[in-house]
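Coordinate inspection notes
Read off the chains here:
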Amino acid sequence: MDAQDDRVSGAWKANRAYLVDLAFRMLGDVGTAEDVVQEAFFRLLKAPVGGINDERGWLIVVTSRLCLDHMKAASSRRERPQDIAEQRHDRDLSAIDPADRVTLDEEVRLALLIMLERLSPAERVVFVLHDVFQVPFDTIAATVGSHAPACRQLAHRARRKIGGSRSESSAGSGVVEPAQHRLISRAFIEACSTGDLDALMALLDRDVSGEIDARGGVIVVGAHQVGLNILRYWGRADTVLVAQPVCGQPAILAFVNRRLAGLLALTIDDRRITKIHVLVRPSALDPLRAELGGAR
């Protein structure tokens, strides 16, 4: 392996989880997000050695441009938002366990879908980069081929559209979690993607509790044991984690081989995760899979 391969391999390990999370926020499909990130790294591999000073920043720009190109290409064949909304209302919910209906009706209304349906491709890219990932408008302008004032206006329009969607939603879902939640969720994903138990434990409260819906009544307590369990089940090479707040609360979607396999709801207090509740039962995940479309 030459120096270029070593450099790209190191960048892959350090940035892949972050970039997949970024792309998923824009595209809403984990498989497409993974493909876009893989293409970004392929372009990094072909880039001249020494020609990139900030690899993470370069990868963010390239990934965002690829997402924007994909959204523009898909926009002409995507169903109208009102048609998608009508399909949701027409969906047969009779097979869902009544005990989980509250999860479907009040918690599992992904705010991401509001964004995918209401925002134009450019609005979506600017909103995700700035409001979710705190990328400066000057950098965003270079990404979308515009100027910073125009990007500010796009972000403003996106917020207004999302704000209107919130007022229409009986669940009151929010799109962007508090900044502290976002930072902790991102660190959680990166610790799992690298298998770093120490980094994961640094995020967990000493008395953190963990439970899973498939084993009702079984609660694991303590940062070390909870951390080990999380890495055992969600830190594997075939698993991709992305942050997606549910009703304004921090949550992680876990995909195994591009299929939604779990939702990890995080309770955060004083900058530490105090509880992790994992949903894996089909009655909880099937509505999410239906909302996400491609992640079945």
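Quick caveat: nothing in here was measured; it's all calculated off a predicted structure. (Residues numbered from 1 in each chain as written. Predicted model: local features only at pLDDT ≥ 70, side-chain atom pairs only at ≥ 80, totals over all residues. Heavy atoms only, no water.)

**With respect to the packing of helix α10 (residues 179-194) against helix α12 (residues 223-234)**
For the pair α10 and α12, the least separation of the axes is 9 Å and the interaxial angle reads 65 degrees. Looking at the two axes, α10 sits roughly perpendicular to α12. Crossing geometry of α10 relative to α12 is assigned as right-handed. For the pair α10 and α12, contact is made by Phe 188, Ala 191 and Cys 192 and by Ile 230, Leu 231 and Trp 234, respectively. Partitioned by chemical class, the residues of the contact of α10 with α12 number six nonpolar, no polar and no charged. (Axes fitted to C-alpha atoms, helices over the stretch in contact; angles between N-to-C directions. Helix = DSSP H or I, 4+ residues; strand = E, 2+ residues; numbered from the N terminus. Parallel < 35°, antiparallel > 145°, perpendicular 65-115°, else oblique. Left-handed = near helix turned anticlockwise from the far one by under 90°. Contact = heavy atoms within 4.5 Å. Nonpolar A, V, L, I, M, F, W, Y, C, P; charged D, E, K, R; others polar.)

**Let's talk about the side chain of Ser 185**
Counting through the fold element by element, Ser 185 comes out in helix α10. Ser 185 sits in the buried class, given a relative accessible area of 1%. (Buried < 20%, exposed > 50% of the residue type's maximum accessible area, 1.4 Å probe, protein only.)

**A few points about the environment of His 156**
One can find His 156 in helix α9 (residues 148-168). Overall, the relative accessible area of 38% leaves His 156 in the partly exposed class. Along the primary structure His 156 and Glu 123 are separated by 33 residues, whereas in three dimensions their C-alpha atoms are 8.9 Å apart.

**Describing the pattern of salt bridges**
Counting across every chain of the model gives 14 salt bridges. Between Arg 157 and Glu 123 there is a salt bridge, with the nearest N and O atoms lying 3.0 Å from each other. Note that Arg 157 is positioned in helix α9 and Glu 123 in helix α7 (residues 121-132), a separation of 34 residues in sequence. Residue class for Glu 123 comes out buried when judged on its relative accessible area of 2%. Between Arg 236 and Asp 238 there is a salt bridge; the shortest N-O distance is 3.7 Å. Overlapping salt bridges, with partners in common, bring together Arg 16, Glu 34, Asp 35 and Arg 258 in one network. (Salt bridge = Lys/Arg side-chain N within 4 Å of Asp/Glu carboxyl O.)

**Overview of the pairing of strand β3 (residues 239-243)**
Burial within β3 is extensive, with five of its five residues counted as buried. Of the two faces of β3, the one lined by Thr 239, Leu 241 and Ala 243 and the one lined by Val 240 and Val 242 are each fully buried. Looking at chain direction, β3 and strand β4 (residues 251-256) are connected through five bridges and run antiparallel. Residue pairing across strands places Ala 243 opposite Ile 252, the latter belonging to β4. (Pairing = 2+ DSSP bridges.)

**Examining the packing of aromatic side chains**
Going through the model one piece at a time under the given rule, you end up with three aromatic pairs. Their ring planes at 65 degrees and their centres at 4.9 Å tell us that Trp 12 and Phe 41 sit as a pair that is edge-to-face. Here the residue Trp 12 occupies a position in helix α1 (residues 3-27), and Phe 41 occupies one in helix α2 (residues 30-46), the gap between them amounting to 29 residues. For Trp 12, a relative accessible area of 35% translates into the label partly exposed. For Phe 41, a relative accessible area of 4% puts it in the buried group. Directly above the ring of Tyr 18 sits Arg 56, whose terminal nitrogen or CZ lies 4.0 Å from the centroid. Seen from the ring of Phe 133, Arg 182 lies directly overhead, with NZ or CZ sitting 4.3 Å from the centre. (Phe/Tyr/Trp six-rings, centres within 6.5 Å; stacked < 30°, edge-to-face > 60°. Lys NZ or Arg CZ within 6 Å of the ring centre and 35° of its normal.)

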